Structure formats: C-alpha cells, structure tokens
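Observations on the model geometry
Chain by chain, the residues:
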Amino acid sequence: MNESRNDSMRLIYGYNVLGNIYSRLDDFENAEAYYLKALGLNRALPEYRQESVILNNLSAMFCNLLDKSDIAVDYANEGLKAIETDDMHDLRGYLLANIGGAYDAVKNQNEAFRYYHSARELLEKEKAPINLDELYISLANLHLILNNPDSTYYYAGKAKKMANKFGSTEIQSRALMSLSKADSIQGDYRSALINYQRSIALRDSVWNLQNKNRIAELKIIYETDIKTAENQLLSEQNQLKTRIIRNQRHLIYAISLIVALIIFFSFREYTVKRKILAQKKEIAKKNEQLTDLNRTKDLSLIH
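Being a predicted model, the structure only gives us computed values, none of them experimental.

So, the packing of helix H2 (residues 28-43) against helix H3 (residues 51-62)
Closest axis-to-axis distance for the H2/H3 pair is 9 Å, and the angle between their directions is 165 degrees. Classified by the interaxial angle, the pair formed by H2 and H3 is roughly antiparallel. Crossing geometry of H2 relative to H3 is assigned as left-handed. For the pair H2 and H3, contact is made by Phe28, Ala31, Glu32, Tyr35, Leu36, Ala38, Leu39, Asn42 and Arg43 and by Glu51, Ile54, Leu55, Asn57, Leu58, Met61 and Phe62, respectively. Looking at the contact of H2 with H3, its residues break down into 11 nonpolar, 2 polar and 3 charged.

Here we look at the nonpolar core
One finds Ile54, Leu58 and Leu135 to be the most contacted residues of the largest nonpolar core, which totals 52 residues. Setting aside its immediate chain neighbours within four residues, leucine 58 contacts Glu32, Tyr35, Leu36 and Tyr75.

Points about helix H6 (residues 109-123)
Under the 1.5 Å per step criterion, the end-to-end length of H6 is 20 Å for 15 residues, consistent within 8% with the ideal 21 Å. Burial in H6 covers these residues: Gln109, Ala112, Phe113, Tyr115, Tyr116, Ala119, Arg120 and Leu123. Structurally, H6 contributes buried residues whose contacts are with helix H5 (92-105), helix H7 (132-145) and helix H8 (149-166).

Quick notes on a nonpolar patch on the surface
There is a patch of nonpolar side chains on the surface, built from Leu251, Ile255, Val259 and Ile263 and spanning about 370 Å² of accessible area. Residue classification places valine 259 among the partly exposed residues on the basis of a relative accessible area of 39%.

Overview of H7
Across its 14 residues, H7 extends 20 Å between first and last C-alpha, which sits within 8% of the 20 Å expected from 1.5 Å per residue. Across the 14 residues that make up H7, a large majority, 11, are buried. By the burial criterion, the buried members of H7 are Leu132, Asp133, Leu135, Tyr136, Ile137, Ser138, Leu139, Ala140, Leu142, His143 and Leu144. In this fold, the buried residues of H7 make contact with H5, H6, H8 and helix H9 (169-186).

Side note on the side chain of histidine 143
Note that histidine 143 resides in helix H7. We classify histidine 143 as buried; its relative accessible area is 10%. If sequence neighbours within four positions are ignored, histidine 143 has contacts with Phe113, Asn148, Ser151, Thr152 and Tyr155.

What about the environment of tyrosine 116?
As for its position among the elements, tyrosine 116 is in helix H6. Overall, the relative accessible area of 3% leaves tyrosine 116 in the buried class. If near-sequence neighbours (up to four positions away) are discounted, tyrosine 116 is found in contact with Ala97, Gly100, Gly101, Asp104, Leu135, Ser138, Leu139 and Leu142.

Here's the deal with the packing of aromatic side chains
Tallying each qualifying case throughout the model produces 6 aromatic pairs. Note on tyrosine 154 and tyrosine 155: the rings are 4.9 Å apart at their centroids and 80 degrees apart in plane angle, and the pair reads as edge-to-face. Its relative accessible area of 47% is what places tyrosine 154 among the partly exposed residues. The buried category is assigned to tyrosine 155, whose relative accessible area is 8%. An aromatic cluster of three or more residues is present, and its members are Tyr15, Tyr22 and Tyr34.

Here's the deal with the packing of H6 against H7
The interhelical angle for the contact between H6 and H7, taken along N-to-C directions, is 150 degrees, at an axis separation of 10 Å. As summarised for this structure, H6 and H7 are arranged roughly antiparallel, according to the angle between their axes. Judged by the twist between their axes, the crossing of H6 over H7 is left-handed. Taken together, the residues of H7 that come into contact with H6 (itself represented by Gln109, Ala112, Phe113, Tyr116, His117, Ala119, Arg120 and Leu123) are Leu132, Leu135, Tyr136, Ser138, Leu139, Leu142, His143 and Ile145. Residues belonging to the contact of H6 with H7 are distributed by class as follows: 11 nonpolar, 4 polar and 1 charged.

Quick look at the environment of alanine 33
Take alanine 33: it is sitting in helix H2. The exposure class assigned to alanine 33 is partly exposed, which follows from its relative accessible area of 35%. Taking the C-alpha atoms as reference points, alanine 33 and asparagine 16, 17 residues apart in sequence, are found 10.0 Å from one another.

What counts, and where the lines are drawn
- Residues numbered from 1 in each chain as written.
- Predicted model: local features only at pLDDT ≥ 70, side-chain atom pairs only at ≥ 80, totals over all residues.
- Heavy atoms only, no water.
- Axes fitted to C-alpha atoms, helices over the stretch in contact; angles between N-to-C directions.
- Helix = DSSP H or I, 4+ residues; strand = E, 2+ residues; numbered from the N terminus.
- Parallel < 35°, antiparallel > 145°, perpendicular 65-115°, else oblique.
- Left-handed = near helix turned anticlockwise from the far one by under 90°.
- Contact = heavy atoms within 4.5 Å.
- Nonpolar A, V, L, I, M, F, W, Y, C, P; charged D, E, K, R; others polar.
- Core = buried A, V, L, I, M, F, W, Y, C linked by side-chain atoms within 4.5 Å.
- Buried < 20%, exposed > 50% of the residue type's maximum accessible area, 1.4 Å probe, protein only.
- Expected span 1.5 Å × (residues − 1).
- Patch = residues over 30% accessible without salt bridge, like charges linked within 9 Å, V, L, I, M, F, W, Y side chains within 5 Å.
- Areas by Shrake-Rupley, 256 points an atom, 1.4 Å probe, with all protein chains shown as cover.
- Salt bridge = Lys/Arg side-chain N within 4 Å of Asp/Glu carboxyl O.
- Phe/Tyr/Trp six-rings, centres within 6.5 Å; stacked < 30°, edge-to-face > 60°.

Geometric values such as these leave the question of function open.
Dropping the structure here:
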C-alpha cells in the first residue's frame, strides 16, 4: 500500500517537473498534458496535497498568453479554492499575481492593478518571496503603459535590488529595460541608452544560459521518451506473454477435455459391447438348452 502511494507521489512529482520543462520550451500542449496527469493523480491521492501547486503552474503558464487568459484565471481560481484544503497559503500571492498577469495580457489595467497589488501585499510579508521581483517588473511595465515613470522607477528599482541580491541576471536585464524606457519618457536619453546597453548585454548572457539549459532539458525529455517507449514495449511484451500463457492453458484444457471425452466414449462403447456379447452368449445358451429339451422330448415319443 505504502509502495503504491510512494510510486504515485513520484509520478506526480515527475509529471509536474516535465510540465515545467515543456512550459519553458514553450510547448504548452505537452506541458498542460503533463500538469493535468499530475493533477489527476494528486486528486486520487488526497493526503498528498499538491493540487494548488500544480494549478499555480498551469495558471502561470497561460497568464501571459492573450488567447489563454480566461483559462489562466480559471486555473488560478481553482488553485485559490484548493489552498484551503492544501494548507499552502503562501501560494495565494502567486495565484493572485497570475490572475493579474492574465488581465494585464488583455489590457485590463484596472483588474491587473487590483490583483497585482493584492499579490504584492501578501508576497512582501513572506521571508523569502519567490517571484516578487517579477511582480515588481510587471507593476513597473504597467505604470509605463499608463505613463507613470516615477512609479516605474520605484518598482523597477525594487526589482533590480532583489535581482542583485539573489543573482537573477534575467530580472536585472528586464529591470534595466524598464528603467531605460522610463528614462526615455523623462527625456534622459543618455541614461536611457546606458540602461538599454546594460540590459541587452545581460539579456545575451541570459540567452546563452537558457540555450544550455534547453539542451539539458531536451536531453531529459529525450531520455524520458525513451524510457516511456521501453516501458510501453515491456508492458506489451508482458501482455503478449500473458495472452500466450492463457491460450496455452485453454489449449491444454481443450485437449484434456477431448481426451477425457474419447476415454469416456471408448469405455462406454466397450461396456456396451461387453453387455451385447454377454446377452448373445446368454441367448445362445438358452437356445442350446431349448434344443436339448426338444431332442429329449422327441426321444420320449419314440419309446
């Protein structure tokens, strides 16, 4: 029982990891398929509470896609409900940020601001908030759209500070790009150019690292596909062996039945023949006795 439970937990973890890999490769169809496999297994194993984590990954994957924003909101709302049973309240901020991102993607700035700020209030209370720097970038860029460079400076600056602290080159690059655009709005073109050049330099290093990571991730997918194919082949071979053994048993049973029937009818025929032979002997004996009796009578009449 425990072994089966542990196997299910490993599968949930493995499917979730594969979903993350496919998501980073922008293969959203396969990513969603693996996330949903993990979700289905998790719902069949209620004591392993990871439903809100998987739903957060699903909503995060779709929140920046214009034609998938409704799906992102639906997954995030499901995640918010699952939090109550999963007891993972630290995810609430991430799920709210995903909803904000979905509204941001469809240019609904009012709803985007509302959810972003709700998420920010929760995440800033965390000791080591994950993705808070990305949320600051989203707020900075939203303020750029609304032509609020001062707010962009504020949030991009906070994102850059966090990125420097945790060594996130990608966030540093994005923060510098936001600062460059704010500089342009303010007319400070020299600073805008400097921040832009620094952003591009960091972005190139991020791309190089991402390419290396993608090669590693593609290797994982390849090895997983090979393992899946091997397991499927082994399963098919086992099923074939089972069918062969079952057919052999059926054949043995059929032959045994035929032999038994042959023996039965042979014995029955032998018994009938013996009975007929015995009856013939009995009739012959009686006929002989009758002949002797008739002969005796004839002799009596002569005397």
